[in-house]
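Spelled out from the first residue to the last, the chains are:
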Amino acid sequence: MSVVLIGGLSLLNLLLTLAVIRRIRRPSASMGSEMSPISSLVLDKGMSPAPFKATLESGNVFSSDSWATWTVVAFFSDTCSACREKIPSFTGQVQEIREHAARNEREAPAVINVVVGDYASCADMVVALEKTGEVVVEPTDGSLVKAFQVKAFPVMCLLDEAGFVTAVGMDLESLLSPIQV
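Just so we're clear, the structure is a prediction, and the values are computed from it rather than from any experiment.

(A) Molecular detail of helix α3 (residues 119–129). For α3, every residue scored as buried is listed here: Cys122, Met125, Val126 and Leu129. In a view along the axis of α3, the buried residues occupy a sector of 110°, so they form one face of it. Among the exposed residues of α3, those oriented more than 90 degrees off its buried face are Ala120 and Val127. The elements touched by buried residues of α3 are β3 (70–77), α2 (81–103), β4 (110–116) and β5 (134–138).

Here's what the structure looks like:
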């Protein structure tokens, strides 16, 4: 008798576990199918950053009025170990994208790198990121961080020529799929 009872309870436990697993795998309607975890870290798709103006390391001025055909704005922090780990792959991805764009006679997106922190502690990051495009170093309450509503690092946005966010992500491959570079 006890063997039948234990067997029945085990079968009931198995069925309940399978039901929970199926429920977890199925996206909830309240989650919104378009929302990504990254969208809460920075402006979401379709939004435009607040007006801003920043002086780049090159001395050029980057503002909310100066968009290229496509622009990647990548945010890194000097206190973020994941940011430092991501920079070598990021610079490699930018190089690959530029080579691919050149082979296909397309324009590669402009790249603006925002390094948040003290210049002395992020000088190595600036040197590495200058290979990919323009760089600006600013404090945590800088104009670009505020304009893009950045809440965590690293994060990247792809903007169109009108300055609207078309994609957000943590790497260039997922970010640039909308323009098929």
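(B) Structural view of α2. For α2, with 23 residues, the first-to-last C-alpha span of 34 Å sits near the 33 Å given by 1.5 Å per residue. When α2 is considered as a whole, its buried residues turn out to be Cys83, Ile87, Phe90, Gln93, Val94, Ile97 and Ala101. Where the residues of α2 are buried, they touch β3, β4, α3, β6 (155–160) and α5 (172–176). Positive backbone phi, approximately 50°, marks Glu105, located one or two places after α2.

(C) Structural view of the pattern of salt bridges. Scanning the entire structure with this criterion turns up 1 salt bridge. Where Asp124 meets Arg84, a salt bridge forms, and the shortest distance between an N and an O atom there is 2.8 Å. Residue Asp124 is located in helix α3, and its partner Arg84 is located in helix α2; the two are separated by 40 residues in the primary sequence.

(D) A look at the environment of Pro88. As for its position among the elements, Pro88 is in helix α2. As a C-alpha pair, Pro88 and Leu129 span 41 residues in sequence and 8.9 Å in three-dimensional space.

(E) Here's a closer look at the sheet that holds β5. One open sheet holds the 5 strands; their spatial order is β5-β4-β3-β6-β7, and the pairing between them is mixed. Edge strands, defined here as strands with exactly one partner in the open sheet, are β5 and β7 (165–169). Averaged over all pairs of adjacent strands, the angle between strand axes in this sheet comes to 20°, irrespective of strand direction. With 6 bridges joining them, β3 and β6 adopt antiparallel strand pairing. When the bridges of β6 are listed, Trp70 appears paired with Asp160. In the packing of α2 onto the sheet, contacts are made with β3, β4 and β6, and the angle to β3 comes to roughly 165°. Of the strands in this sheet, β3, β4 and β5 touch α3, which is tilted by about 165° from β5.

(F) Spotlight on the pairing of β6. Summarising burial for β6: 6 of the 6 residues are buried, a large majority. Every second residue of β6 is oriented toward a common face, with Val155, Cys157 and Leu159 on one face and Met156, Leu158 and Asp160 on the other, all of them buried. Relative to β7, β6 is paired through 4 bridges, and the arrangement is antiparallel. Each residue of the ladder has a partner; that of Cys157, found in β7, is Val168.

Rules and cut-offs
- Residues numbered from 1 in each chain as written.
- Predicted model: local features only at pLDDT ≥ 70, side-chain atom pairs only at ≥ 80, totals over all residues.
- Heavy atoms only, no water.
- Buried < 20%, exposed > 50% of the residue type's maximum accessible area, 1.4 Å probe, protein only.
- Helix = DSSP H or I, 4+ residues; strand = E, 2+ residues; numbered from the N terminus.
- Arc of directions from axis to C-beta.
- Contact = heavy atoms within 4.5 Å.
- Expected span 1.5 Å × (residues − 1).
- Salt bridge = Lys/Arg side-chain N within 4 Å of Asp/Glu carboxyl O.
- Pairing = 2+ DSSP bridges.
- Axes fitted to C-alpha atoms, helices over the stretch in contact; angles between N-to-C directions.

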